[in-house]
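Overview (structure and organization)
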Amino acid sequence: MRLVILDDYDLASEWAAKYIRNRIVEFKPSADRYFTLGLPTGSTPYGCYQKLIEFYRSGDLSFKYVKTFNMDEYVGLPRAHPESYHSYMWNNFFKHIDIDPANAHILDGNAEDLEAECNAYEQKIAAAGGIKLFVGGIGPDGHIAFNEPGSSLVSRTRVKTLAKDTIVANARFFGNNLSKVPTMSLTVGVGTVMDAKEVMILITGAHKAFALYKAIEEGVNHMWTVSAFQQHPHTIFVCDEDATLELRVKTVKYFKGLMHVHNKLVDPVLSIKD
Amino acid sequence: MPSNKSVSDAPISQFTNCRILREHTLQREDLWVREGKILDPEKLFFDEQGYADQQVDCEASIIAPGFIDVQINGGYGVDFSQPSEDVTAGVSLVAKKILEHGVTSFCPTLVTSPPAVYHKVLPQIKVHDGGPHGAGFLGFHLEGPFISLEKKGAHPERYLRTFRSGGIEDLMEAYGSLDNVAMVTLAPELPRSQSVVRELCQRGITVSLGHSVANLSQAEDAVQHGASFITHLFNAMLPFHHRDPGIVGLLTSDQIPAGRTVFYGMIADGIHTNPAALRIAHRAHPSGLVLVTDAITAMGLPPGHHTLGQQVIEIQGLHAYVTGTKTLSGSIATMDMCVQHFKQASGCSVEEALEAASLHPAQLLGISHKKGSLDYGADADLVLLDDALNIRATYISGEEVWRKQA
């Protein structure tokens, strides 16, 4: 894996956004050849989305030939609800960029047949040629998407009941009222994300530090599902200092020492103007 | 990008680089319009996988709902109360010119007139939408003739009337037809007024109290029967008195039926109301304040003598008097000037100033589901303004109908 450590949240967001930008630009997407991007939600990727919007506004990046697949969505929450992941993606990303709505895919948590919805989503990903770069986050309990502790590491897109930890973590978006938080979700599986050509996990904040430690310094374990990416050939973890607080000094020093290598991935930063 | 909309093929406009008045605040959001109505872009994106056909760069303007003037007697040489062969032409001329002031809907007002005038004028214009031809016609505002002799102001005394039976016959005799009437101003202390108030309200006509010497309890009684507006607060009514606040007391009355609001018109031209009085009213009841121009024939014209109803008036600067007296006969301020003056005099926020000219009149007339707001589904009647609230452009049903020349 690559462990990219930046000083703070803003720098981590910027690094991640530049990486995504470079990947898209160098791919030279076109009408015959779309760039497929997997996307997360939550407070962690917010800064990264802001940066990507800036790149679009400055004319350096376009999403016209990008197809996106979000990781998850709540079950039973009306799509127009301000806390649905549809709302999050619309307000924080889609409405500010030039993506074709037909290419923005999010699981429908209000589908008649949830299982069919999940299977169809897997098919859509396959039809799009698989995901080039899957961007994700990590929960305090080490989960990727809503693959809660105990999820199969080869799982596919399916319905999952949320763990207590997750519900508590999400309560802040529902007026701190636990009873208002959805209890089920549709989520891509660990296996689904593992199928991506490249995976980038964003991890910021001290409250994620223990999960990061479990994910990269302990073994592959279905109780900390992000650990599955130890077995992916191209994983990048992008974090801030605070997220590394539970790691061994040796680990942190090693990867910090590699920053000059990591930074070649974002410097020079490419533009469609060129 | 080519359009791809499963619900409708109509072109979609996206107003960008703007701040829109929504949920009582100015938000940095784009405004989307399709088929003359405000569109929900999130639904468009997810349900229809649609996007805009054209983008309009608003150059950092404020976008507010189009202004609604519920009291305007004429302008540009036109006097709505003067009987003429072609009333439509006069109303149309004013309707077109007031687009420059950001007014997208209005209620042409007729002052106290003889039955012949009402019978002739009222049937000539039907309620209709605005467009490039001019602001939308919401219905007439009939100010009189059932008003108080003592508070007639500039209205001609000989045409004042009282209620003989207190029923529809009184109205029909005076007006002839109520089909295109949006509002009636009357004095509630006139005997048998309550049944008339009810009669009008049942027909969906807004009843306003004005040109009256009613005390507070008479005014409250009228409100209980359905009256919901006060015509140009402070003017042509008893002054506020601490033991009987009169009609002015409605602003803080506790006798207003639950769920109902009493609105009040203010002519914020700096002349009809002292700014301190404007502030007292605004602070007492901010959500009821409705800006009106009460503009007369001379609005938009140079100084001199002009006619209003059956009388002659004289313009001196921004003042308009009944010739030979110091009785104010109406204002010549335009709606955008009123909005600016109101904001400056009251110290209110930009949002409040704009809502007093848009949301509140729409609420008063019971049309706030389609006018006076930028909510999804509302008519796309818009004004683009700069930070000093000067009008840059006016839109009706999403179509530009006026733009300030640079």
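My aim in this report is to walk through the structure given alongside it, one point at a time. Note that the structure is predicted; figures quoted are calculated from it, not measured.

**What about the interface of chain B and chain A?**
On the chain A side, the residues contacting the twelve residues of chain B number 14 residues. Between chain B and chain A the total buried area reaches about 1200 Å² when both faces are included, carbon and sulfur atoms providing 64% of it. Our count for the chain B to chain A interface comes out at two salt bridges. One salt bridge connects Lys95(A) with Glu29(B), and the closest N-O pair in it is separated by 2.7 Å. Linking chain B to chain A there are three residue pairs in polar contact (both at pLDDT 80 or more). Residue contributions to the side of chain B that touches chain A peak at six residues, all from helix 1 (residues 41-47) of chain B. Here the side of chain B that touches chain A is composed, by residue class, of six nonpolar, two polar and four charged.

**Here we look at helix 8 (residues 335-346) of chain B**
Residue and element names in this part refer to chain B. The terminal C-alpha atoms of helix 8, which comprises twelve residues, lie 16 Å apart, in line with the 16 Å expected from a rise of 1.5 Å per residue. Considered for burial, the residues of helix 8 that qualify are Met335, Asp336, Cys338, Val339, His341, Phe342, Ala345 and Ser346. For helix 8, the secondary structure elements touched by its buried residues are strand 6 (67-72), strand 9 (103-111), helix 7 (275-284), strand 16 (289-291), helix 9 (350-356) and strand 21 (391-396). In the segment just after helix 8, Gly347 is the residue with positive phi, at about 70°.

**Considering the packing of aromatic side chains**
Taken as a whole and judged by the stated rule, the model has 26 aromatic pairs over all chains. On the basis of an interplanar angle of 85° and a centroid distance of 5.3 Å, the ring pair of Phe27(A) and Phe35(A) is categorised as edge-to-face. Each member of the pair, Phe27(A) as well as Phe35(A), carries the same accessibility label: buried. On the numbers, 6.2 Å between centres and 65° between planes, the contact of Tyr49(A) with Tyr88(A) is edge-to-face. One end of the pair, Tyr49(A), is in helix 2 (residues 46-57); the other, Tyr88(A), is in helix 3 (residues 85-92), with 39 residues separating them in the sequence. Comparing Tyr49(A) with Tyr88(A), the two get one shared label, buried. One aromatic cluster in this structure is built from Tyr49(A), Phe63(A), Tyr88(A), Trp90(A), Phe93(A), Phe94(A), Trp32(B), Phe45(B) and Phe46(B). Between Lys67(A) and the ring centre of Tyr34(A), over which it is positioned, the NZ or CZ distance is 4.6 Å.

Reading the values: the criteria
Residues numbered from 1 in each chain as written. Chains lettered and ligands numbered in written order. Predicted model: local features only at pLDDT ≥ 70, side-chain atom pairs only at ≥ 80, totals over all residues. Heavy atoms only, no water. Contact = heavy atoms within 4.5 Å. Buried area = accessible area lost by both parts, 1.4 Å probe. Salt bridge = Lys/Arg side-chain N within 4 Å of Asp/Glu carboxyl O. Polar contact = N/O pair within 3.5 Å; in protein donor to acceptor, adjacent residues only side chain to side chain. Helix = DSSP H or I, 4+ residues; strand = E, 2+ residues; numbered from the N terminus. Nonpolar A, V, L, I, M, F, W, Y, C, P; charged D, E, K, R; others polar. Expected span 1.5 Å × (residues − 1). Buried < 20%, exposed > 50% of the residue type's maximum accessible area, 1.4 Å probe, protein only. Phe/Tyr/Trp six-rings, centres within 6.5 Å; stacked < 30°, edge-to-face > 60°. Lys NZ or Arg CZ within 6 Å of the ring centre and 35° of its normal.

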